[in-house]
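# Notes for the structure review
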Amino acid sequence: MKNAEVIKVRDTKVIYRDGNRTVKVFNEDFSKADVLNEALNQARIEETGLNTPKVLEVTMIDGKWSIISEYIEGETLEELMAKNPDKEDEYLEMFVDLQLSAHSKICPLLNKLKDKMNRKISETDLDATTRYELHTRLEGMPKHKKVCHGDFNPSNIVITPEGVPYIIDWAHATQGNASADVARTYLLFCLDGNEALAKKYLDLFCKKSNTARQYVQKWMPIVAASQSVKGNAHEREFLLSWVDVVDYE
């Protein structure tokens, strides 16, 4: 780690490049169980055949839990979209195709998306009536077993110089209904202030997957509520505004 280069700094971790390895060092107070779960998710996704960096080691560095993976040389899709705005449609097409390729996989040992969302909704400070309605809506949604990334956005796609795409950061991976994963991506674009791109993304995904837009929209309040338990005040306010659109039946 002597000559390691800092790639990214986050609230809970610092990511380094150390030669041909990526070293993700978590804060001292970060949950050990969450670190081990992330490494396990990544290892399980490797077995699906999707392009993702291989986990090499889980260790402690200076008293901090760390995940060491293959380093993938390249640029993120987010960087490429910023550099080449004229290619936005081309990149978005690639982005949606990659998400569909993930959804085409089955990984039976991943945590279940519904279980995670039920737990997160219970952790919110929403009133009991709203929580009840969200739990009820969630239980009524069709049960699927598709691989869901949980944080699928252009910064988590790395394109190698040869043009090969890799999907990274599987910390939030679950198995469940793909439309929940799509709703999450839509909300991430909106959180970044890019509502036009969010709409274009959703329209393209629905067209390519033959999914009704209204079906994805039914997931929006559920996903927004489950995501509102983390993030800053601005993000929470935005996400909770989506929860308010629940149409009680």
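Shown above is the structure to which this text applies.
Conventions and cut-offs
Numbering of residues starts from 1 in every chain and runs along the sequence as written. Totals for whole chains, interfaces and linings use every residue, but because this is a predicted model, local features are given only for residues with pLDDT of at least 70 and side-chain atom pairs only at 80 or more, for both listing and counting. Calculation of side-chain values draws on the structure's entire complement of heavy atoms; hydrogens and water are dropped beforehand. Comment: axis = line fitted to C-alpha atoms, over the contacting stretch for helices; angle = value between 0 and 180 degrees taken between N-to-C directions. Per the convention used, a helix needs a DSSP run of H or I reaching at least four residues, while a strand needs a run of E reaching at least two, with both numbered from the N terminus. If an angle is under 35 degrees, it is roughly parallel; if it is over 145, roughly antiparallel; if it lies from 65 to 115, roughly perpendicular; otherwise it is oblique. Each crossing gets its handedness from the near helix: less than a right angle anticlockwise from the far helix is left-handed, clockwise is right-handed. In this description, contact between two residues means that some pair of their heavy atoms is separated by no more than 4.5 Å. Each residue is assigned to one class: nonpolar for Ala, Val, Leu, Ile, Met, Phe, Trp, Tyr, Cys and Pro, charged for Asp, Glu, Lys and Arg, and polar for all the others, Gly among them. A simple rule labels every residue: compare its accessible area, found with a 1.4 Å probe on the protein chains alone, to the largest value its type can have, and call it buried under 20%, exposed over 50%, or partly exposed in between. The pairing criterion is simple: DSSP has to find at least two bridges between the two strands.

### Concerning the packing of helix α6 (residues 178–191) against helix α7 (residues 195–209)
Viewed as axis vectors pointing N to C, α6 and α7 meet at an angle of 160°, and their least axial separation amounts to 7 Å. Between α6 and α7, the crossing angle belongs to the class labelled roughly antiparallel. The hand of the α6/α7 crossing is right-handed. Residues Val182, Thr185, Tyr186, Phe189 and Cys190 of α6 form the contact with α7, whose own contacting residues are Glu195, Leu197, Ala198, Lys199, Tyr201, Leu202 and Phe205. Taken together, the residues that form the contact of α6 with α7 break down as nine nonpolar, one polar and two charged.

### Re the packing of helix α4 (residues 113–123) against helix α5 (residues 128–140)
For the pair α4 and α5, interaxial distance at closest approach is 10 Å and the crossing angle is 175°. Judged by the inter-axis angle, α4 sits roughly antiparallel to α5. Contacts from Lys114, Met117, Asn118, Ile121 and Ser122 in α4 reach Arg131, Leu134, His135, Leu138 and Glu139 in α5. Taken together, the residues that form the contact of α4 with α5 break down as four nonpolar, three polar and three charged.

### Observations regarding the pairing of strand β3 (residues 21–26)
Across the six residues of β3, five count as buried, placing the element largely inside the fold. Where strand β2 (residues 13–18) meets β3, six bridges bridge the pair, whose relative direction is antiparallel. Bridging across to β3, Lys13 finds its partner in Phe26. Judged from the five bridges that link them, β3 and strand β5 (residues 64–70) form a sheet pairing that is antiparallel.

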